[in-house]
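Coordinate analysis (summary)
One letter stands for each residue in the lines below.
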Amino acid sequence: MPAPKVVVPADRLRSFVTALFTGAGVGADHAETITDVLTWASLRGVDSHGASRVPRYLELLDSGEANRAPGLRIESTTAAVAVVDADRAPGPVALSLAAGEAVNRARAGGAGVVAVRRTVHTGAIGYYTSKIAEQSLVGIAFVAGMPNMAYPGIKGIAVATSPLSIAVPAPGHAPALLDMATAGIALGRIAQFRNGGEPLPEGTAATADGVPTTDPNLAKLPLPLGGVKGAGMSLVFELLTSVLVGAPILSPFHSGDPAGRVHRQNALIIALDPAAFGGGAEFGPAVAETLDTLKGLTRADENEEIHYPGERSAAVAAHRAANGIPVAAKVWAELQVAAEKLGVPAPA
């Protein structure tokens, strides 16, 4: 039976994690940005991308794979499009910059499209699209990462569990927020099942040899969501992020060159201003009406409420903000070890 989770008040967890990153040599602003993204995920119940990621981020910083003091640079040749060269900045730092840049360009011209090149683990990308939706704009994002997932017909690792997120503002409602991986399960979720001592759902993961398994201790490869559908999405995300900005990941990874195995990710973030499509004032209320219509349809089970994407996680966030964030005992122990190493006091 898994050990009980440690429940930590959100503000204390936020302060603790920020202190860990500053203790690791990250500048105060960047440390707060990284913490914001990870805490957002923990608040919304996306525990695989929340506090459980802190030890891995510290490893990336310690190894030099993530840059403590990146020289981020914005390159642009047109009003609507830009590329952020991240210089191996942690993903939350690079993608937060890109999301802000996309919003500015969408405000000026109706659409902003910003690519991110050479970053390190983007975190939960729903954070960035949600921030765009908070500005009454539509946010779209997808990421290309290191190959870590199977592909139909190929033995072993082939493509990445690259995620997609879309956030649409809805007045009076939590934004409609789609945030999904192209895998049946994310690697972070496999670790979460492993930490909790629970079996994986059927058909979501395989051993290194490609044999499907529900044992999280044997699972090494996520399987694509919907087979060829998830695999195909992952491949085109690589084309529209990595290849588009001259920073391919898949080909170098499989080339045999050790440099191709160095951890890195690329991303594309899009902000759309509904006003540019002719119905800015009407868009928000129409979105809200659409969501209300969906929730008002005849239920298959009267005891089961209808939810739109993002609604459940928004409710979880409200609950955890008020009552504390549950952290797996194993993760909490790892954070305590990191705190001792960095000389950071841990909350009681």
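Structural notes, computed from the coordinates. Remember, it's a predicted structure, so these values are computed and weren't measured experimentally.

Scanning the protein chain from N- to C-terminus turns up 11 helices and 13 strands. Taken against the 2.2 N^0.38 rule, which gives 20 Å for 348 residues, the C-alpha radius of gyration of the protein chain at 20 Å falls within 12% of a compact globule. Principal-axis analysis of the C-alpha atoms places the extent of the protein chain at approximately 55 × 55 × 45 Å. For the protein chain, with 348 residues in total, the buried portion stands at 48%. Long-range contacts, defined here as pairs at least 24 residues apart, represent 66% of the contacts in the protein chain between residues at least 6 apart. Entry remark: accessible area of the protein chain is about 15,800 Å², with carbon and sulfur atoms responsible for 58%. Each charge class in the protein chain can be summarised by its mean position, and for the 27 positive and 31 negative side chains these summaries are 5 Å apart.

Let's shift gears to the pattern of salt bridges. Applying the stated criterion to the full structure yields 13 salt bridges. Arg118 is paired through a salt bridge with Asp85; the nearest N and O atoms lie 2.6 Å apart. You can see Arg118 sitting in strand 4 (residues 111–119) and its partner Asp85 sitting in strand 3 (residues 81–85), a full 33 residues away along the chain. The exposure class of Asp85 is buried, given its relative accessible area of 5%. Here the salt bridges share partners, and the residues they tie into one network are Arg73, Glu75, Asp85, Arg117 and Arg118.

Okay, the pairing of strand 7 (residues 154–159) next. Sheet topology note: the strand 6 (residues 149–151)/strand 7 ladder contains two bridges and is antiparallel. Within the sheet, the bridge partner assigned to Met149 lies in strand 7 and is Val159. Taking the residues between adjacent antiparallel strands as the criterion, strand 6 and strand 7 are bridged by two residues, where Gly153 takes a positive phi near 90 degrees.

Right, let's get into the sheet that holds strand 4. Reading across from one edge, 2-3-4-12-5-8-9 is the order of the seven strands in this open sheet, with mixed pairing throughout. The outermost strands of the open sheet, each flanked by one partner alone, are strand 2 (73–75) and strand 9 (176–181). Going from strand to strand, the sheet's axes swing by 15 degrees on average, the running direction of each strand aside. When strand 5 (residues 138–144) meets strand 12 (residues 265–272), the two strands line up antiparallel, connected through seven bridges. Across the sheet, the residue bridging to Val138 is Leu272, located in strand 12. Seen against the sheet, helix 4 (residues 91–109) touches strand 2, strand 3, strand 4 and strand 12 and runs at an angle of roughly 160 degrees to strand 4. Strand contacts of helix 5 (residues 126–133): strand 5, strand 8 (163–168), strand 9 and strand 12, with the helix running at about 20 degrees to strand 8, the strand carrying the most contacts.

With that settled, the discussion passes to the pairing of strand 5. Counting buried positions along strand 5 gives seven out of seven residues, so the element sits mostly inside the fold. What you see with strand 5 is no split at all: Val138, Ile140, Phe142 and Ala144 on one side and Gly139, Ala141 and Val143 on the other are buried throughout. Alignment of strand 5 against strand 8, held across four bridges, turns out to be antiparallel. In the sheet register, Ala141 faces strand 8, and the bridge partner there is Ser165.

So, on to the packing of aromatic side chains. To describe a pair of aromatic rings, one takes the distance between the centres and the angle between the planes. Evaluation of the coordinates by the stated rule reveals five aromatic pairs. Members of the aromatic cluster, each reached through a chain of ring pairs, are Trp40, Tyr127 and Tyr128. Sitting over the ring of Phe253, Arg261 keeps its end group 3.8 Å from the ring centre.

This part is about the side chain of Ser130. Here Ser130 lies in helix 5. Here Ser130 falls in the buried class, since its relative accessible area comes to 8%. Sequence-distant contacts of Ser130, that is, excluding residues within four places in its chain, are made with Trp40, Ala167 and Leu177.

Another aspect to go through is the nonpolar core. Of all hydrophobic cores here, the largest spans 61 residues; its most connected members are Phe21 and Ile269. Here this core gets eight residues from one element, more than from any other, and that element is helix 4. Those residues in contact with Ile269 that lie beyond four places of it in its chain are Leu95, Ala98, Ala99, Ala102, Gly112, Val113, Val114, Tyr128, Ile132, Ile140 and Ala141.

The terminal C-alpha atoms of helix 11 (residues 329–342) lie 20 Å apart, and with 14 residues this matches the ideal 20 Å at 1.5 Å per residue to within 8%. Here helix 11 has its buried residues at Val331, Trp332, Leu335, Ala338 and Ala339. One face of helix 11 carries all of its buried residues, which in axial projection span an arc of 120 degrees. Residues of helix 11 that are exposed and angled more than 90 degrees away from the buried face: Val337, Glu340 and Lys341. Immediately downstream of helix 11, the backbone of Gly343 shows phi near 70 degrees, a positive value.

Calculation rules
- Residues numbered from 1 in each chain as written.
- Predicted model: local features only at pLDDT ≥ 70, side-chain atom pairs only at ≥ 80, totals over all residues.
- Heavy atoms only, no water.
- Helix = DSSP H or I, 4+ residues; strand = E, 2+ residues; numbered from the N terminus.
- Rg over C-alpha atoms; globule rule 2.2 N^0.38 Å.
- Buried < 20%, exposed > 50% of the residue type's maximum accessible area, 1.4 Å probe, protein only.
- Contact = heavy atoms within 4.5 Å.
- Areas by Shrake-Rupley, 256 points an atom, 1.4 Å probe, with all protein chains shown as cover.
- Lys, Arg positive; Asp, Glu negative; His and termini not counted.
- Charge placed at Lys NZ, Arg CZ, Asp CG, Glu CD.
- Salt bridge = Lys/Arg side-chain N within 4 Å of Asp/Glu carboxyl O.
- Pairing = 2+ DSSP bridges.
- Axes fitted to C-alpha atoms, helices over the stretch in contact; angles between N-to-C directions.
- Phe/Tyr/Trp six-rings, centres within 6.5 Å; stacked < 30°, edge-to-face > 60°.
- Lys NZ or Arg CZ within 6 Å of the ring centre and 35° of its normal.
- Core = buried A, V, L, I, M, F, W, Y, C linked by side-chain atoms within 4.5 Å.
- Expected span 1.5 Å × (residues − 1).
- Arc of directions from axis to C-beta.

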